[in-house]
Amino acid sequence: SFDIREEKKDLTYPLIATDFVSMEEGTGIVHVAPAFGEVDFDAGMDKSLDFVQPVDLEGKITGAYSFAGKFVKDADHLILDELKSRNLLYRSEKIVHTYPFCWRCGTPLLYYVKQAWYIRTTAVKDKLISGNNGINWYPDHIKYGRFGNWLENNIDWAISRERYWGTPLNIWYCSSCGNYECVGSVSELKERPNLGGLKEPLDLHRPFMDGIYFACTKCGGEMRRVPEVIDCWFDSGAMFIAQWHYPFEDEDKFK
Ligand SMILES: [Zn+2]
Ligand SMILES: [Zn+2]
(Lines give C-alpha, C1' and ligand atoms only; values in the text may rest on other atoms or scores of the structure.)
(Ligands and ions follow the chains in the order given, each with its own letter.)
Protein backbone atom coordinates (compact mmCIF):
# COMPACT_ATOMS: atom_id res chain seq x y z
CA SER A 1 0.00 0.00 0.00
CA PHE A 2 1.18 3.51 -0.73
CA ASP A 3 0.13 7.12 -0.15
CA ILE A 4 -0.05 9.22 -3.28
CA ARG A 5 1.74 12.53 -2.81
CA GLU A 6 -0.28 15.31 -4.38
CA GLU A 7 1.88 18.04 -2.90
CA LYS A 8 5.20 18.53 -4.61
CA LYS A 9 6.84 20.28 -1.66
CA ASP A 10 8.97 18.59 1.00
CA LEU A 11 9.90 15.76 -1.35
CA THR A 12 13.17 13.98 -0.68
CA TYR A 13 15.66 13.05 -3.41
CA PRO A 14 17.77 10.20 -2.03
CA LEU A 15 20.38 8.21 -3.94
CA ILE A 16 19.84 4.47 -3.60
CA ALA A 17 21.90 1.49 -4.72
CA THR A 18 20.07 -1.33 -6.53
CA ASP A 19 21.00 -4.28 -8.71
CA PHE A 20 18.78 -3.45 -11.71
CA VAL A 21 21.01 -0.68 -13.05
CA SER A 22 23.76 -1.80 -15.37
CA MET A 23 27.26 -0.28 -15.23
CA GLU A 24 27.70 -1.32 -18.88
CA GLU A 25 25.23 1.25 -20.18
CA GLY A 26 25.13 5.00 -19.63
CA THR A 27 26.35 6.58 -16.42
CA GLY A 28 25.19 3.87 -14.00
CA ILE A 29 22.72 6.34 -12.54
CA VAL A 30 19.02 6.23 -13.44
CA HIS A 31 16.01 8.20 -12.36
CA VAL A 32 13.40 6.17 -10.45
CA ALA A 33 9.68 7.02 -10.60
CA PRO A 34 7.72 4.63 -8.34
CA ALA A 35 4.38 5.55 -10.00
CA PHE A 36 5.58 4.33 -13.42
CA GLY A 37 6.87 0.79 -13.72
CA GLU A 38 7.16 -2.36 -11.68
CA VAL A 39 10.90 -2.18 -10.93
CA ASP A 40 10.61 1.47 -9.91
CA PHE A 41 7.57 0.71 -7.76
CA ASP A 42 9.32 -2.15 -5.94
CA ALA A 43 12.39 0.04 -5.32
CA GLY A 44 10.09 2.79 -4.03
CA MET A 45 8.36 0.43 -1.61
CA ASP A 46 11.65 -1.12 -0.52
CA LYS A 47 13.40 2.22 0.14
CA SER A 48 10.31 4.24 1.19
CA LEU A 49 10.66 6.69 -1.69
CA ASP A 50 8.04 9.40 -2.15
CA PHE A 51 5.24 8.22 -4.42
CA VAL A 52 4.41 11.12 -6.73
CA GLN A 53 1.70 10.78 -9.40
CA PRO A 54 1.64 13.87 -11.66
CA VAL A 55 -0.34 12.17 -14.47
CA ASP A 56 -4.06 11.37 -14.61
CA LEU A 57 -5.75 8.33 -16.15
CA GLU A 58 -5.97 10.01 -19.56
CA GLY A 59 -2.20 10.34 -19.57
CA LYS A 60 -2.42 14.08 -19.03
CA ILE A 61 -0.18 16.03 -16.66
CA THR A 62 -1.89 17.38 -13.52
CA GLY A 63 -0.87 20.14 -11.13
CA ALA A 64 0.04 23.79 -11.67
CA TYR A 65 2.77 23.32 -14.30
CA SER A 66 2.68 25.45 -17.44
CA PHE A 67 2.29 22.17 -19.37
CA ALA A 68 -0.52 20.79 -17.15
CA GLY A 69 -3.40 19.31 -19.13
CA LYS A 70 -1.12 18.10 -21.95
CA PHE A 71 -0.74 14.44 -22.89
CA VAL A 72 2.65 13.38 -21.51
CA LYS A 73 4.20 12.79 -24.93
CA ASP A 74 3.06 16.20 -26.17
CA ALA A 75 4.50 17.80 -23.03
CA ASP A 76 8.08 16.55 -23.59
CA HIS A 77 9.32 19.63 -25.48
CA LEU A 78 7.42 22.01 -23.15
CA ILE A 79 9.14 20.43 -20.14
CA LEU A 80 12.51 20.89 -21.85
CA ASP A 81 11.64 24.54 -22.60
CA GLU A 82 10.75 25.17 -18.98
CA LEU A 83 13.91 23.52 -17.65
CA LYS A 84 15.93 25.59 -20.12
CA SER A 85 14.22 28.85 -19.08
CA ARG A 86 15.05 28.09 -15.45
CA ASN A 87 18.68 27.27 -16.31
CA LEU A 88 18.22 23.70 -15.12
CA LEU A 89 18.86 21.91 -18.43
CA TYR A 90 22.30 20.33 -18.60
CA ARG A 91 21.91 18.63 -21.99
CA SER A 92 19.12 17.58 -24.33
CA GLU A 93 19.47 14.94 -27.06
CA LYS A 94 17.50 12.25 -28.86
CA ILE A 95 18.28 8.62 -28.20
CA VAL A 96 16.73 5.49 -29.71
CA HIS A 97 15.28 3.02 -27.21
CA THR A 98 12.46 0.47 -26.93
CA TYR A 99 9.03 1.74 -25.93
CA PRO A 100 5.57 0.12 -25.53
CA PHE A 101 2.83 1.03 -28.03
CA CYS A 102 -0.79 -0.09 -28.33
CA TRP A 103 -0.75 -2.97 -30.85
CA ARG A 104 -4.08 -1.87 -32.28
CA CYS A 105 -3.80 1.88 -32.78
CA GLY A 106 -0.14 2.68 -32.18
CA THR A 107 -0.72 5.03 -29.23
CA PRO A 108 2.35 5.31 -26.96
CA LEU A 109 1.54 3.61 -23.63
CA LEU A 110 2.43 4.47 -20.03
CA TYR A 111 3.23 2.09 -17.21
CA TYR A 112 0.89 3.27 -14.48
CA VAL A 113 0.59 2.02 -10.90
CA LYS A 114 -3.02 1.22 -10.05
CA GLN A 115 -4.90 -0.51 -7.24
CA ALA A 116 -6.15 -4.00 -8.12
CA TRP A 117 -7.85 -6.98 -6.49
CA TYR A 118 -5.78 -10.05 -5.63
CA ILE A 119 -6.41 -13.61 -4.52
CA ARG A 120 -3.78 -14.55 -1.94
CA THR A 121 -2.75 -17.78 -3.69
CA THR A 122 0.57 -17.76 -1.81
CA ALA A 123 -1.41 -18.67 1.35
CA VAL A 124 -2.22 -22.10 -0.19
CA LYS A 125 1.01 -22.59 -2.13
CA ASP A 126 1.95 -25.84 -0.32
CA LYS A 127 -1.50 -27.26 -1.03
CA LEU A 128 -1.21 -26.33 -4.70
CA ILE A 129 2.18 -28.04 -4.96
CA SER A 130 1.06 -31.23 -3.18
CA GLY A 131 -2.12 -31.28 -5.30
CA ASN A 132 0.00 -31.11 -8.44
CA ASN A 133 2.05 -34.09 -7.16
CA GLY A 134 -1.09 -36.24 -7.31
CA ILE A 135 -2.02 -35.37 -10.91
CA ASN A 136 -1.20 -37.60 -13.90
CA TRP A 137 0.02 -35.12 -16.49
CA TYR A 138 0.01 -35.72 -20.24
CA PRO A 139 2.64 -34.96 -21.41
CA ASP A 140 4.31 -35.73 -18.07
CA HIS A 141 7.17 -33.22 -18.41
CA ILE A 142 4.67 -30.40 -17.73
CA LYS A 143 4.10 -31.69 -14.17
CA TYR A 144 7.46 -30.67 -12.69
CA GLY A 145 8.36 -28.51 -15.70
CA ARG A 146 6.30 -25.58 -16.80
CA PHE A 147 3.43 -26.08 -14.36
CA GLY A 148 5.49 -27.22 -11.36
CA ASN A 149 7.91 -24.32 -11.80
CA TRP A 150 5.04 -21.91 -12.02
CA LEU A 151 3.61 -23.22 -8.72
CA GLU A 152 7.04 -23.05 -7.02
CA ASN A 153 7.32 -19.39 -8.05
CA ASN A 154 3.71 -18.58 -7.28
CA ILE A 155 2.83 -14.98 -6.53
CA ASP A 156 -0.57 -13.62 -5.49
CA TRP A 157 -3.08 -13.61 -8.36
CA ALA A 158 -4.07 -10.17 -9.64
CA ILE A 159 -7.62 -11.19 -10.45
CA SER A 160 -9.35 -7.92 -11.41
CA ARG A 161 -9.49 -6.46 -14.91
CA GLU A 162 -10.68 -3.02 -15.98
CA ARG A 163 -12.68 -3.96 -19.05
CA TYR A 164 -16.26 -3.56 -20.15
CA TRP A 165 -16.93 -7.22 -20.80
CA GLY A 166 -16.15 -10.12 -18.50
CA THR A 167 -17.43 -11.95 -15.44
CA PRO A 168 -18.41 -9.20 -12.97
CA LEU A 169 -16.23 -9.16 -9.85
CA ASN A 170 -18.67 -10.19 -7.07
CA ILE A 171 -17.74 -7.46 -4.59
CA TRP A 172 -20.07 -4.67 -3.52
CA TYR A 173 -18.90 -1.42 -1.95
CA CYS A 174 -20.57 1.04 0.43
CA SER A 175 -19.48 4.58 -0.39
CA SER A 176 -20.91 5.82 2.94
CA CYS A 177 -18.69 3.77 5.27
CA GLY A 178 -16.16 2.02 3.01
CA ASN A 179 -17.47 -1.49 3.73
CA TYR A 180 -16.86 -4.22 1.13
CA GLU A 181 -18.98 -7.37 0.84
CA CYS A 182 -18.20 -10.41 -1.27
CA VAL A 183 -21.37 -12.14 -2.50
CA GLY A 184 -20.81 -15.88 -2.99
CA SER A 185 -23.92 -17.04 -4.86
CA VAL A 186 -27.26 -15.99 -6.34
CA SER A 187 -29.10 -17.09 -3.18
CA GLU A 188 -26.67 -15.06 -1.02
CA LEU A 189 -27.39 -12.07 -3.24
CA LYS A 190 -31.16 -12.52 -2.93
CA GLU A 191 -30.88 -12.64 0.88
CA ARG A 192 -29.26 -9.20 1.02
CA PRO A 193 -31.36 -6.55 2.85
CA ASN A 194 -33.29 -3.98 0.76
CA LEU A 195 -32.17 -5.62 -2.47
CA GLY A 196 -33.04 -3.59 -5.57
CA GLY A 197 -32.33 -3.39 -9.29
CA LEU A 198 -32.55 -7.15 -9.80
CA LYS A 199 -34.50 -8.05 -12.94
CA GLU A 200 -35.98 -11.48 -13.73
CA PRO A 201 -34.93 -13.53 -15.55
CA LEU A 202 -31.65 -12.92 -13.75
CA ASP A 203 -28.67 -12.20 -16.02
CA LEU A 204 -25.35 -12.44 -14.16
CA HIS A 205 -23.42 -10.43 -16.74
CA ARG A 206 -22.64 -6.77 -17.12
CA PRO A 207 -24.34 -4.32 -17.33
CA PHE A 208 -27.23 -6.02 -15.46
CA MET A 209 -25.15 -6.81 -12.36
CA ASP A 210 -24.12 -3.15 -12.06
CA GLY A 211 -27.74 -2.14 -11.47
CA ILE A 212 -28.13 -4.38 -8.40
CA TYR A 213 -27.83 -2.66 -5.02
CA PHE A 214 -28.58 -3.55 -1.39
CA ALA A 215 -28.25 -2.13 2.11
CA CYS A 216 -24.88 -2.09 3.86
CA THR A 217 -24.91 -4.35 6.95
CA LYS A 218 -22.56 -1.93 8.75
CA CYS A 219 -24.28 1.43 8.21
CA GLY A 220 -27.44 0.87 6.13
CA GLY A 221 -25.97 2.83 3.18
CA GLU A 222 -26.37 1.72 -0.41
CA MET A 223 -23.93 -0.91 -1.68
CA ARG A 224 -22.97 -0.96 -5.37
CA ARG A 225 -20.81 -3.41 -7.26
CA VAL A 226 -17.16 -2.41 -7.84
CA PRO A 227 -16.51 -1.65 -11.55
CA GLU A 228 -13.95 -4.40 -12.21
CA VAL A 229 -14.45 -7.72 -13.99
CA ILE A 230 -12.57 -10.97 -13.32
CA ASP A 231 -9.49 -12.28 -15.16
CA CYS A 232 -10.83 -14.71 -17.80
CA TRP A 233 -8.40 -17.37 -16.48
CA PHE A 234 -10.71 -17.59 -13.48
CA ASP A 235 -13.56 -18.64 -15.80
CA SER A 236 -11.25 -21.13 -17.54
CA GLY A 237 -10.11 -22.54 -14.20
CA ALA A 238 -13.67 -22.89 -12.89
CA MET A 239 -15.17 -24.27 -16.12
CA PHE A 240 -14.78 -27.97 -15.27
CA ILE A 241 -16.78 -27.60 -12.05
CA ALA A 242 -19.04 -24.73 -13.15
CA GLN A 243 -20.45 -26.78 -16.05
CA TRP A 244 -21.92 -29.11 -13.38
CA HIS A 245 -23.05 -26.17 -11.23
CA TYR A 246 -20.75 -27.48 -8.48
CA PRO A 247 -20.54 -26.69 -5.51
CA PHE A 248 -24.29 -25.90 -5.56
CA GLU A 249 -25.30 -29.17 -7.28
CA ASP A 250 -23.87 -32.50 -8.49
CA GLU A 251 -21.49 -32.92 -5.55
CA ASP A 252 -21.42 -36.69 -6.17
CA LYS A 253 -19.68 -36.14 -9.53
CA PHE A 254 -16.61 -34.83 -7.66
CA LYS A 255 -16.23 -37.63 -5.10
ZN1 LIG B 1 -5.05 1.55 -28.86
ZN1 LIG C 1 -21.80 1.20 4.94
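- For the protein chain, an unreviewed UniProt entry supplies the name isoleucine--tRNA ligase and the organism marine sediment metagenome.
- Listed under Catalytic activity (unreviewed entry) in UniProt, the entry text for the protein chain is "tRNA(Ile) + L-isoleucine + ATP = L-isoleucyl-tRNA(Ile) + AMP + diphosphate".

**A word on the packing of aromatic side chains**
Logical step 1: Going through the model one piece at a time under the given rule, you end up with 11 aromatic pairs.
Logical step 2: Taken together, a centroid distance of 6.1 Å and an interplanar angle of 85° make the contact between Phe36 and Tyr112 edge-to-face. Residue Phe36 is found in the segment before helix 1 (38-46), and its partner Tyr112 is found in the loop between helix 2 (72-85) and strand 1 (118-119); the two are separated by 76 residues along the sequence.
Logical step 3: What makes Phe36 partly exposed here is its relative accessible area of 24%.
Logical step 4: When the centroid spacing of 6.3 Å and the interplanar angle of 90° are considered together, the rings of Phe41 and Phe51 count as edge-to-face. Within this pair, whereas Phe41 is found in helix 1, its partner Phe51 is found in the loop between helix 1 and helix 2, the two being separated by 10 residues in sequence. Of the two residues, Phe41 and Phe51, both sit in the buried class.

**Structural notes on the coordination of the zinc ion (ligand 2)**
A metal bound by six donors in octahedral fashion has ideal angles of 90 or 180 degrees, whereas one bound by four tetrahedral donors has an ideal angle of 109.5 degrees.
Logical step 1: Looking at the metal site, the zinc ion (ligand 2) is ligated by Cys174 (SG), Cys177 (SG), Cys216 (SG) and Cys219 (SG), spaced 2.2 to 2.4 Å from it.
Logical step 2: Mapped onto the sequence, the residues coordinating the zinc ion (ligand 2) show the spacing C-x2-C-x38-C-x2-C. Of this pair, Cys174 sits in strand 4 (residues 171-174) while Cys216 sits in the loop between strand 6 (213-215) and strand 7 (222-225); the two residues are 42 residues apart in sequence, bridging distant segments of the chain. Taken as a pair, Cys174 and Cys216 share a single burial class, namely buried.

**Here we look at the UniProt feature "domain: Aminoacyl-tRNA synthetase class Ia" (unreviewed entry) in the protein chain**
Logical step 1: The sites that UniProt annotates as "domain: Aminoacyl-tRNA synthetase class Ia" (unreviewed entry) are residues 77-255.
Logical step 2: As annotated, residues 77-255 comprises 25% helix and 12% strand, and the C-alpha atoms at either end are separated by 66 Å.

**Some details on a nonpolar patch on the surface**
Logical step 1: A grouping of Met239, Phe240, Trp244 and Phe254 is seen on the molecular surface, where their side chains present a nonpolar patch of about 400 Å² in accessible area.
Logical step 2: Among the structural elements, Met239 can be located in helix 7 (residues 232-242).

**Some details on the pattern of salt bridges**
Logical step 1: All chains considered together, the criterion is met by 12 salt bridges.
Logical step 2: Residue Asp76 pairs with Lys73 through a salt bridge whose shortest N-O separation is 3.9 Å. In this pair, Asp76 and Lys73 are both assigned in helix 2, three residues apart and thus about one turn of the helix distant.
Logical step 3: Judged by relative accessible area, Asp76 falls into the partly exposed class, the value being 39%.
Logical step 4: Glu82 is the partner of Arg86 in a salt bridge, and the nearest nitrogen-oxygen pair spans 3.1 Å.
Logical step 5: Ionic contacts of the salt-bridge type, sharing partners, join the residues Arg206, Asp210 and Arg225 into one network.

**Digging into the sheet that holds strand 6**
Logical step 1: Here four strands make up an open sheet; going across it, the order is 5-4-7-6 and the pairing antiparallel. In this open sheet, the two edge strands, each paired with only one partner strand, are strand 5 (180-182) and strand 6. Each strand of the sheet is rotated relative to its neighbour by a mean of 30°, with strand direction disregarded.
Logical step 2: Strand direction decides the pairing type here: strand 4 and strand 5, joined by three bridges, are antiparallel. The residue of strand 5 that forms the bridge with Trp172 is Glu181.

**Considerations on the environment of Gly69**
Logical step 1: Topologically, Gly69 is positioned in the loop between helix 1 and helix 2.
Logical step 2: On the basis of relative accessibility, which here comes to 47%, the residue Gly69 falls in the partly exposed class.
Logical step 3: C-alpha of Gly69 to C-alpha of Ser22: the two residues are 47 residues apart in sequence and 35 Å apart in space.
Logical step 4: Setting aside its immediate chain neighbours within four residues, Gly69 contacts Lys60 and Ile61.

Rules and cut-offs
- Residues numbered from 1 in each chain as written.
- Chains lettered and ligands numbered in written order.
- Predicted model: local features only at pLDDT ≥ 70, side-chain atom pairs only at ≥ 80, totals over all residues.
- Heavy atoms only, no water.
- UniProt positions renumbered as here; feature names shortened; annotations may be inferred.
- Phe/Tyr/Trp six-rings, centres within 6.5 Å; stacked < 30°, edge-to-face > 60°.
- Helix = DSSP H or I, 4+ residues; strand = E, 2+ residues; numbered from the N terminus.
- Buried < 20%, exposed > 50% of the residue type's maximum accessible area, 1.4 Å probe, protein only.
- Donors = N, O, S within 2.8 Å, 3.2 Å for Na, K, Ca; no water.
- Patch = residues over 30% accessible without salt bridge, like charges linked within 9 Å, V, L, I, M, F, W, Y side chains within 5 Å.
- Areas by Shrake-Rupley, 256 points an atom, 1.4 Å probe, with all protein chains shown as cover.
- Salt bridge = Lys/Arg side-chain N within 4 Å of Asp/Glu carboxyl O.
- Pairing = 2+ DSSP bridges.
- Axes fitted to C-alpha atoms, helices over the stretch in contact; angles between N-to-C directions.
- Contact = heavy atoms within 4.5 Å.

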